[in-house]
There are 4 protein chains.
Amino acid sequence: MNEFVATNPDFAAVVRHAVLSMPFAQLLGFDYSRIEPGVTEIVLPYRDDLSFRPGFFAGAVVGSLADFAAVSAAFTLVPKGWFVATVDYDVKVVAPPAGERLIARGRVIKPGRTLLFAAADVFVERDGSESLCAVCVATARAAESR
Amino acid sequence: MNEFVATNPDFAAVVRHAVLSMPFAQLLGFDYSRIEPGVTEIVLPYRDDLSFRPGFFAGAVVGSLADFAAVSAAFTLVPKGWFVATVDYDVKVVAPPAGERLIARGRVIKPGRTLLFAAADVFVERDGSESLCAVCVATARAAESR
Amino acid sequence: MNEFVATNPDFAAVVRHAVLSMPFAQLLGFDYSRIEPGVTEIVLPYRDDLSFRPGFFAGAVVGSLADFAAVSAAFTLVPKGWFVATVDYDVKVVAPPAGERLIARGRVIKPGRTLLFAAADVFVERDGSESLCAVCVATARAAESR
Amino acid sequence: MNEFVATNPDFAAVVRHAVLSMPFAQLLGFDYSRIEPGVTEIVLPYRDDLSFRPGFFAGAVVGSLADFAAVSAAFTLVPKGWFVATVDYDVKVVAPPAGERLIARGRVIKPGRTLLFAAADVFVERDGSESLCAVCVATARAAESR
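Residues numbered from 1 in each chain as written. Chains lettered and ligands numbered in written order. Predicted model: local features only at pLDDT ≥ 70, side-chain atom pairs only at ≥ 80, totals over all residues.

**Student:** Explain the overall build of chain A to me, and be specific about the residues and the numbers.
**Tutor:** For chain A, the helix and strand inventory stands at three helices and eight strands. Secondary structure elements of chain A, listed N to C terminal, follow the sequence α-α-β-β-β-β-α-β-β-β-β. Relative to the globule expectation of 15 Å for 146 residues, the C-alpha radius of gyration of chain A, 15 Å, shows essentially globular dimensions. Taking the principal axes of its C-alpha atoms as reference, chain A extends roughly 40 × 30 × 25 Å. Taken across its 146 residues, chain A has 55% of its residues classed as buried. The contacts in chain A between residues at least 6 apart in sequence include a share of 69% that link residues at least 24 apart. (Helix = DSSP H or I, 4+ residues; strand = E, 2+ residues; numbered from the N terminus. Rg over C-alpha atoms; globule rule 2.2 N^0.38 Å. Buried ≥ 20, exposed ≤ 12 C-beta atoms within 10 Å, placed from the backbone. Contact = placed C-beta atoms within 7 Å.)

**Student:** Pulling in residues and values, what's your account of the sheet that holds strand E2 (residues 39-45) of chain C?
**Tutor:** Read across the open sheet, the twelve strands follow the order E1(C)-E2(C)-E6(C)-E7(C)-E8(C)-E5(C)-E5(D)-E8(D)-E7(D)-E6(D)-E2(D)-E1(D); overall the sheet is antiparallel. On the outer flanks of this sheet lie strand E1 (31-36) of chain C together with strand E1 (31-36) of chain D, each paired with one strand and no other. Direction aside, neighbouring strands of the sheet carry axes that sit 20 degrees apart on average. Strand direction decides the pairing type here: strand E5 (residues 82-93) of chain D and strand E8 (residues 129-144) of chain D, joined by eleven bridges, are antiparallel. Residue pairing for E8 of chain D: Ala85 of chain D is matched across the bridge by Arg141 of chain D. Across the face of the sheet, helix H3 (residues 59-75) of chain D comes into contact with strand E5 (82-93) of chain C together with strand E2 (39-45), E5, strand E6 (101-111), strand E7 (115-126) and E8 of chain D while running at roughly 40 degrees to E6 of chain D. (Pairing = 2+ DSSP bridges. Axes fitted to C-alpha atoms, helices over the stretch in contact; angles between N-to-C directions.)

**Student:** Hey, could you go over the interface of chain B and chain C for me, with residue numbers and the actual values?
**Tutor:** Each side of the interface is counted separately: chain B has eleven residues, and chain C has eleven residues. Elements with a contribution of two residues or more to the side of chain B that touches chain C: strand E5 (82-93), strand E6 (101-111) and strand E8 (129-144) of chain B. With four residues, E8 of chain B is the single largest residue contributor to the side of chain B that touches chain C. Classifying every residue of the side of chain B that touches chain C gives seven nonpolar, one polar and three charged. (Nonpolar A, V, L, I, M, F, W, Y, C, P; charged D, E, K, R; others polar.)

**Student:** Describe the relation of the copies chain B and chain A, and please don't skip the residues or the numbers.
**Tutor:** Relative to chain A, chain B is turned by 180 degrees and slid 0.0 Å along the rotation axis, the superposed coordinates differing by an RMSD of 0.0 Å. What we have between these two chains is a two-fold relation. The position closest to the rotation axis in chain B is occupied by the C-alpha of Asp90 of chain B, lying 2.0 Å away. (Least-squares fit on C-alpha atoms with pLDDT ≥ 70 in both.)

**Student:** Give me helix H1 (residues 11-20) of chain B: which residues, what numbers.
**Tutor:** Residues spaced three or four apart along an α-helix point in a common direction, a consequence of the helix completing one turn every 3.6 residues. All names here are of chain B. For H1, every residue scored as buried is listed here: Phe11, Val14, Val15 and Val19. Buried positions in H1, seen along its axis, are confined to an arc of 105 degrees and lie on one side of it. For H1, exposure combined with an orientation more than 90 degrees from the buried face picks out Ala13 and His17. Buried residues in H1 make contact with helix H2 (23-28), strand E1 (31-36) and helix H3 (59-75). (Arc of directions from axis to C-beta.)

**Student:** Could you give me a rundown of the relation of the copies chain B and chain C, with the residues and numbers involved?
**Tutor:** Mapping chain B onto chain C leaves a residual RMSD of 0.0 Å; the transformation is a rotation of 180 degrees accompanied by 0.0 Å of translation along its axis. A shared interface surface links the copies, since 100% of the contact residues of chain B are contact residues in chain C too.

**Student:** Break down the interface of chain B and chain A for me, with residues and values.
**Tutor:** With 26 residues of chain B at the contact, the number on the chain A side is 26 residues. Going through the elements one at a time, H2, strand E3 (51-53), H3 and E5 of chain B are the ones with two or more residues in the side of chain B that touches chain A. Class assignment of the residues belonging to the side of chain B that touches chain A gives a composition of 15 nonpolar, five polar and six charged.

**Student:** Hey, could you go over the pairing of E6 of chain B for me, with residue numbers and the actual values?
**Tutor:** Residues and elements named next belong to chain B. Within E6, nine of the eleven residues are buried, which leaves it mostly tucked inside the rest of the structure. The pairing of E6 with strand E7 (residues 115-126) spans ten bridges and is antiparallel. Looking at the pairing, Ile103 lines up with Phe123 of E7. In sequence, E6 turns back onto E7 through a hairpin of three residues.

**Student:** Lay out the packing of helix H3 (residues 59-75) of chain A against H3 of chain B in plain terms, naming residues and giving numbers.
**Tutor:** Taken N-terminus to C-terminus, the directions of H3 of chain A and H3 of chain B make an angle of 145 degrees; their axes are 9 Å apart at the nearest point. In this structure, the crossing between H3 of chain A and H3 of chain B has a hand that is right-handed. Contacts between H3 of chain A and H3 of chain B involve Gly59, Ala60, Gly63, Ser64, Asp67 and Phe68 of chain A from the first element and Gly59, Ala60, Gly63, Ser64, Asp67 and Phe68 of chain B from the second. (Left-handed = near helix turned anticlockwise from the far one by under 90°.)

**Student:** Outline the sheet that holds strand E8 (residues 129-144) of chain A, supporting the account with residue identities and numerical values.
**Tutor:** If you trace the twelve strands from one edge of the open sheet to the other, you get E1(A)-E2(A)-E6(A)-E7(A)-E8(A)-E5(A)-E5(B)-E8(B)-E7(B)-E6(B)-E2(B)-E1(B), paired in antiparallel fashion. What marks the edges here is a single partner per strand, and that holds for strand E1 (31-36) of chain A together with E1 of chain B. Across the sheet, the mean angle separating the axes of adjacent strands is 20 degrees when strand polarity is ignored. The pairing of strand E2 (residues 39-45) of chain B with E6 of chain B spans seven bridges and is antiparallel. Bridge assignment links Pro45 of chain B to a residue of E6 of chain B, and that residue is Arg101 of chain B.

Structural data, given as structure tokens:
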């Protein structure tokens with residue numbers, strides 16, 4: 001299904017470096033556990049300052065992580081020297097995000113040259129088992145870096 | 001147009017206190033400049049750790065602020081002792097969010113008893129003038145606090 | 001607010017002709033009551049074959065009309081010889097669409113050269129008074145006709 | 001993945017009958033090729049009056065079909081005597097829908113008692129091979145029939 005080919009051989013290093021060097025990514029404190037062509041996985045351990053109330057990740061954190069996972073998946077497929085930016089993202093919070101960490105899995109739905117459609121599912125891990133807490137669809141715009 | 005009536009006379013204090021005491025709201029560092037029945041305005045000054053790259057607010061920060069503004073607007077209209085939670089939010093980033101502060105204006109579109117539809121426009125202020133950088137529609141679920 | 005300028009002086013005739021000559025637009029049976037730069041209004045009288053159950057417009061009809069109104073608004077602002085196509089639309093049905101006719105009001109939120117953001121509010125008219133039944137945000141892609 | 005259980009043993013007959021007896025469903029002319037707990041498949045052959053221009057399904061038809069497929073999937077999981085209605089649907093048209101028929105595959109993402117989250121992928125079949133042309137996420141509201 002995710003049989004995409006990355007045109008930039010260094011896509012994984014580029015995505016990891018570019019995204020994790022963003023100050024807001026550092027403020028959230030997530031890391032990638034997987035970067036493949038058209039596919040990403042992002043992990044974010046629980047911290048109180050990311051919560052809505054103790055034990056529950058804030059909805060906007062879940063949405064932010066979904067946006068990063070989906071748009072990063074798009075980022076893996078752009079040519080060398082190109083970057084991506086979010087055009088839109090739609091997040092549905094389907095269950096309370098209570099647990100020890102969030103895992104956001106991004107995937108490209110359809111890659112175009114300048115518009116890429118992607119999605120992400122966000123899971124919350126609690127006592128070692130994962131459950132879905134949010135789904136996201138996103139559109140990313142790709143352009144050559146200036 | 002926003003001729004809504006708040007059933008809880010203390011709605012402004014309740015919304016302000018409940019939202020601003022959320023740890024993630026504090027991490028973002030925003031404040032309310034307006035809370036009226038069905039209407040909110042949230043202001044967030046620029047900080048480097050909220051950026052995508054220097055000078056530009058991260059897209060996920062813009063989206064998070066829009067979510068808070070829209071769902072807070074819904075929050076103003078629920079009965080005393082009730083709370084709200086985000087069901088979904090859809091954000092479109094229509095222009096680069098570069099500037100000194102973000103201003104998110106939330107408004108209720110249609111209030112129901114348990115589902116409330118709301119929207120938010122996010123403006124970025126630069127050199128004293130505002131421009132629209134994102135729009136958001138959101139659905140909030142209301143329930144009695146347990 | 002909707003102070004847009006149409007670059008194509010014939011925008012109203014172009015939009016009206018192009019959209020109303022689409023077979024599916026004819027099947028739905030709507031007409032424009034307003035076409036201005038960045039703004040449209042579409043009217044669709046009730047028919048049983050557009051219903052969900054007698055007296056209620058089907059949700060998908062409401063969504064379709066919202067898409068047409070929003071994307072038509074974008075269409076008013078593209079250069080001569082260009083066309084638009086829907087990239088995405090998000091519809092929220094905020095009240096039951098029961099009444100004699102639907103009125104969808106489209107407006108451009110932000111026009112770009114190749115991506116235009118637009119919105120539409122859909123009202124249902126019943127016994128002479130209008131009430132909001134749906135809101136929509138949409139993205140349209142513009143390209144030169146080949 | 002779609003390991004849902006239908007509480008109404010007659011769910012397939014109920015969904016098929018209720019949806020296909022809707023006048024607008026009949027106007028579109030689709031049929032179900034699959035109805036299982038939490039899962040649906042809808043097929044719609046090409047007709048000129050469903051087109052944008054000859055050979056291409058109108059975007060609003062694609063979106064309408066996606067809405068029906070997603071919300072029907074939710075419908076399979078509600079108790080006997082309950083019905084569902086669309087709260088929102090978000091459609092992204094990822095490729096031109098040109099072909100002989102549309103196939104919309106709906107699936108429940110997360111079923112709640114009164115709110116159910118669902119999705120649909122829409123494929124267009126051309127010369128015997130399918131390709132993805134749209135994705136949709138939707139929220140349905142369930143209630144007891146009065």
